[in-house]
Amino acid sequence: MVDIEKIRTQFKILDTTVYDRPLVYFDNAATTQKPECVINVLADYYRTLNSNIHRGVHYLSSAATERYEETRTAVQQFVNASHQHEIVFTRGTTESINLVASSFGKLFLHKGDEVIISGMEHHSNIVPWQLACEQYGASLRVIPFSDQGVLDLEAYRALFSDRTRIVAVNHVSNTLGTVNPIKEIIQIAHSHGVPVLIDGAQAISHLAVDVQALDCDFYCFSGHKMYAPMGIGVLYGKEQWLDKMPPYQGGGEMIKDVTFERTTYNELPFKFEAGTPSVGDALALKTSIEFMQDLGVENIAAYETELLHYATEQLSAIDGLRIFGTAPHKTSVISFLIGTAHPYDTGTLLDKLGIAVRTGHHCTQPIMDRYGIPGTVRASFAVYNTKQEIDTLVTGIQRIAPMLA
Ligand code: PMP
């Protein structure tokens, strides 16, 4: 059970009024709000500990380095990675995927090779692969999905050839909310000897993730979607791959020895961490993990599922409202359209009622093309949202619907 009143006191921003109305924040798939404990750690880092890490003998640098590496351990335990050095800090999911597409691509993609992605990927799990394919003469193969928003696994099996080099799919769709059967997807790929990258941006704050149980080769996520600051993210990669892959960026930190003739690279994970990292953001990421662990990831998931079912029921009852993404296994994301109203108009009118939803293609244009729509309105819930807020959304939609007709 989660104590919702107690949780909400941690999020001062939820007390904001918008046009004299209490803010209803339903844009959590874009970014979650940050609890006081996370904000405090970030601010305290700059007040008391700010220093560049890994290369200082002085007190502040050693202390900051220790805390930074403690965060790595916390992340390792959170996703149950075998080794600490399999956790690479990045700026976020986008950078993690670009790192793999670029570095794995350099080593393993050749003319005529194939990369499998799904039809419900975020642009950040499409474009990096397109760039790599373009560079090495490889091509994309795309797993189709049903009207409900369920991936077609038979079609997926049929996409494999002896030229398939990697599969990259999301754990949860940011637009449809579908939880994809990634364990099965990974097993199928491995039966062909093909590694799998999972985009976990939308899963990490809603589901317990165990990278060893999943047996994924790479798992990517962003701190800012799990109550941590923007600017910090994670790439988990199996040692066997990270060891082989060439560096993504060159600079400080990632080297062992540099001469003008030849540079040798640092060991994992530092080989992939060129330059000064977001130390304060990383420390705050550890606090956000503790925040989630204190609540219990299973409890968070159960509460959000309750919100999802409540909202789905209430919204489905509204005349002319269509929900996109009705897979049996979903997280707390609802994409919808009201009649023929443009999503932007719906979002603008809801904003005037203090309700923050996202409108547009949500960086998933191929999903919009699949349904033949310009975009959707998306309401996405986090652990601090309430059924009363969902009631406010439903009343708001009923109020604006005549204006949209
Ligand atoms: N993948 C998915 C499924 C996402 O929802 C997002 C963020 N909307 C991303 C990738 C990119 O994450 P970021 O912008 O934090 O790098």
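Everything that follows concerns the structure shown earlier in this document.
Residues numbered from 1 in each chain as written. Predicted model: local features only at pLDDT ≥ 70, side-chain atom pairs only at ≥ 80, totals over all residues. Heavy atoms only, no water.

Undergrad: In this structure, what is going on with the packing of helix H3 (residues 59–79) against helix H10 (residues 279–295)? I would like to understand it.
TA: The relative placement of two packed helices comes down to the angle between their axes together with the axis-to-axis distance. Contact geometry for H3 and H10: axes closest at 9 Å, N-to-C directions at 40 degrees. Of the possible angle classes, the one that applies to H3 and H10 is oblique. Considering how the two elements wind past one another, H3 and H10 form a crossing that is left-handed. Here Ala64, Arg67, Tyr68, Glu70, Thr71, Ala74, Val75 and Phe78 of H3 lie close against H10, whose contacting residues are Val279, Ala282, Leu283, Leu285, Lys286, Ile289, Met292 and Gln293. Classifying every residue of the contact of H3 with H10 by side-chain character gives 11 nonpolar, two polar and three charged. (Axes fitted to C-alpha atoms, helices over the stretch in contact; angles between N-to-C directions. Helix = DSSP H or I, 4+ residues; strand = E, 2+ residues; numbered from the N terminus. Parallel < 35°, antiparallel > 145°, perpendicular 65-115°, else oblique. Left-handed = near helix turned anticlockwise from the far one by under 90°. Contact = heavy atoms within 4.5 Å. Nonpolar A, V, L, I, M, F, W, Y, C, P; charged D, E, K, R; others polar.)

Undergrad: Sorry, what's going on with the packing of aromatic side chains here?
TA: Under the criterion given, the structure shown has 16 aromatic pairs. Ring centres 4.6 Å apart and planes at 40 degrees place the aromatic pair Phe104 and Phe108 in the tilted group. Pair noted here: Phe104 and Phe108 are both in helix H4 (residues 93–108), with a separation of four residues, about one helical turn. What makes Phe108 partly exposed here is its relative accessible area of 22%. Look at Tyr227 and Phe291: their rings are 5.3 Å apart centre to centre, the planes differ by 65 degrees, and that puts the pair in the edge-to-face class. Of this pair, Tyr227 sits in the loop between strand E9 (218–222) and strand E10 (233–237) while Phe291 is found in helix H10, placing the two residues 64 residues apart along the sequence. Look at Phe291 and you get buried, because its relative accessible area is 9%. Members of the aromatic cluster, joined through ring pairs, are Phe11, Tyr227, Phe291 and Tyr384. Above the plane of the ring of Trp241 lies Lys244, whose end atom (NZ or CZ) is 5.2 Å from the centre. Sitting over the ring of Phe145, Arg370 keeps its end group 5.1 Å from the ring centre. (Phe/Tyr/Trp six-rings, centres within 6.5 Å; stacked < 30°, edge-to-face > 60°. Buried < 20%, exposed > 50% of the residue type's maximum accessible area, 1.4 Å probe, protein only. Lys NZ or Arg CZ within 6 Å of the ring centre and 35° of its normal.)

Undergrad: Help me understand the pattern of salt bridges in this model?
TA: Two side chains bearing opposite charge may form a pair once their charged atoms approach each other closely. One pass over the full model with this rule turns up 18 salt bridges. Here Asp147 makes a salt bridge to Arg370, at a shortest N to O gap of 2.8 Å. Taken together, the positions of Asp147 in the loop between strand E6 (139–143) and helix H6 (153–159) and Arg370 in helix H13 (residues 365–371) put the pair 223 residues apart, joining distant regions of the chain. Members of the salt-bridge network, linked through shared partners, are Asp27, Arg358 and Arg378. (Salt bridge = Lys/Arg side-chain N within 4 Å of Asp/Glu carboxyl O.)

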